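# Residue-level structure breakdown
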Amino acid sequence: MKPTESTSRRFPGLFVTFEGSEGSGKTTQIERLVSRIEAAGPEVEVTREPGGTEIGEEIRHLLKHGSIGKEMCPETELLLFAASRAQLVREVILPCLEAGKVILCDRFLDSTTVYQGVARRISADPVNTINRFAIGDIMPDLTVVLDVPAEVGLSRIRHRASDLPDRMEQENIGFYHKVREGYLVLAKSFPDRFVVVDGTLPTEEIEEIIWDAICPLLNK
Ligand code: T5A
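Residues numbered from 1 in each chain as written. Predicted model: local features only at pLDDT ≥ 70, side-chain atom pairs only at ≥ 80, totals over all residues. Heavy atoms only, no water.

### Describing the overall build of the protein
Rule in force here: Strands here are runs of E lasting at least two residues and helices are runs of H or I lasting at least four, both read from the DSSP assignment and numbered beginning at the N terminus. Taken over C-alpha atoms, the radius of gyration is set against a globule rule of 2.2 Å times the number of residues to the power 0.38. By the convention used here, residues are in contact when the closest approach between their heavy atoms is within 4.5 Å. Surface accessibility in these figures is a Shrake-Rupley result with a 1.4 Å probe; residues are shielded only by whichever protein chains are displayed. In this tally Asp and Glu are treated as negative and Lys and Arg as positive; neither His nor the chain ends contributes. Charged side chains are reduced to one point each, which is NZ for Lys, CZ for Arg, CG for Asp and CD for Glu.
The helix and strand tally for the protein stands at eight helices and five strands. In the protein, the succession of helices and strands from N to C terminus is β-α-β-α-α-β-α-α-β-α-α-β-α. What you see for the protein is a C-alpha radius of gyration of 17 Å, in line with the 17 Å of a compact globule of 220 residues. Taken over the C-alpha atoms alone, the protein extends approximately 45 × 40 × 35 Å along its principal axes. Looking at the protein alone, contacts between residues at least 24 apart form 81% of all its contacts between residues at least 6 apart. Here the protein displays about 10800 Å² of accessible surface, and carbon together with sulfur accounts for 56% of that area. Both charge centroids of the protein, one from 26 positive and one from 35 negative side chains, sit 3 Å from each other.

Structural data, given as structure tokens:
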């Protein structure tokens, strides 16, 4: 049977999430979209996962840069991402949706489904149950997946001026291949929510494709 999802359509706001592997261009596109959406009328809020709240940012540090992070088992990792998400939903996302804002979130529950579920091989039952517990009944109205070959994404972030790779950026290439494939399979399962965009296109072209997907939802 085909899986089903409820949406957040009952709120006056709009919830859009951005997914994809490392270096796929999520942050770049979110930055470009903010002023464009604001020019169309609605107030926009940008947030990210893990993080986006004081508690979430502490968890982010532990997950990515904590000196004890090397010892972390996959189950702990899953629960920490979920804890950050539970806080973000209640402290930021729900209030924004109730206030009629557009909220753009850099990663959300699909990252857990793909990274911890598919790539770390935690079985789907606990992943889905914990995801559901963390988000309550909030689902994105639209999820944009920026699809790039793992090699392209990794080479982009490795050319970045900033520091050494963090804990999540040190996996072998096979891990990121699974991430990419995981997103593509997930997007096929929920075609009403997902739009997959070729992340190797020029940034301006990607922006136009995403804008075309968001526009009808702004005018709901
Ligand atoms: N994670 C997260 C989990 O395992 N489970 C979870 O539940 C969650 C929520 C988060 C890490 O945590 C994991 C996934 C991640 O490993 P992060 O620091 O937030 O870590 O990392 P990312 O989300 O992967 O962010 P990145 O900054 O690495 O990638 P972006 O945001 O996708 O890419 P961006 O926009 O910064 O662009 C990267 C570079 O590419 C260039 C940009 O200029 C930049 O230099 N670029 C392009 N170049 C050519 N063509 C284009 N179209 C380009 N678009 C961007």
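Moving on from the model shown.
### Quick look at the site of the ligand
Where we set the bar: Neighbouring residues are identified by heavy atoms, a residue being near a molecule or strand if any of them is within 4 Å of it. Identification of polar contacts relies on pairs of N or O atoms within 3.5 Å, with a donor-acceptor requirement for protein atoms, meaning one able to donate a hydrogen and the other able to accept it, and with residues adjacent in sequence counted only if both atoms are side-chain atoms. Detection works on a 1 Å grid of protein atoms alone, calling trapped sets that fit a 1.4 Å probe cavities and calling open sets with protein on both sides within 12 Å along at least five of seven lines pockets, with lining residues defined by an atom within 4 Å of a point. A pocket or cavity is taken to hold a molecule when more than half of that molecule's atoms are within 2 Å of the pocket's grid points. The nonpolar class holds Ala, Val, Leu, Ile, Met, Phe, Trp, Tyr, Cys and Pro. Asp, Glu, Lys and Arg form the charged class, and all remaining residues, Gly among them, are polar.
Around the ligand there are 26 residues in total, and Glu22, Thr27, Thr28, Lys64 and Thr112 lie nearest to it. Separating an oxygen atom of the ligand from a backbone N or O atom of Ser24 is a distance of 3.2 Å. Between the ligand and Thr28 there is a distance of 2.5 Å, counted from an oxygen atom to a side-chain nitrogen or oxygen. Bound to the protein, the ligand loses 83% of the 1000 Å² it would expose on its own. With respect to the detected pockets, the ligand is housed in the largest pocket. Those elements giving two or more residues to the shell around the ligand turn out to be helix H1 (26–40), helix H2 (54–64), helix H3 (74–98), helix H4 (109–119), helix H6 (150–158) and helix H8 (203–218). With four residues, H4 is the single largest residue contributor to the shell around the ligand. Its residues placed into classes, the shell around the ligand shows seven nonpolar, ten polar and nine charged.

### As for the environment of Arg120
Position of Arg120 among the secondary structure elements: in the loop between H4 and helix H5 (124–135). The sequence separation of Arg120 and Cys73 amounts to 47 residues, and the corresponding C-alpha distance is 9.9 Å. Setting aside its immediate chain neighbours within four residues, Arg120 contacts Pro74, Glu77, Tyr115, Arg167, Met168, Glu171 and Phe175. Reaching out from Arg120, the side chain makes a polar contact with the side chain of Glu171 at a distance of 3.0 Å.

### Concerning the sheet that holds strand S2 (residues 44–48)
Here is the rule we go by: Here, a strand pair is defined by DSSP locating no fewer than two bridges between the strands. In this analysis, axes come from line fits to C-alpha atoms, helices being fitted only over the stretch in contact, and the angle between any two N-to-C directions falls in the range 0 to 180 degrees.
Within the open sheet, the five strands sit side by side as S2-S3-S1-S4-S5. Their pairing is parallel. One side of each edge strand has no neighbouring strand; the edge strands of this open sheet are S2 and strand S5 (194–198). Within this sheet the neighbouring strands show an average axis-to-axis angle of 20 degrees, counted without direction. The sheet strands contacting H8 are strand S1 (14–19), strand S3 (102–106), strand S4 (142–147) and S5, and the helix crosses S4 at an angle near 170 degrees.

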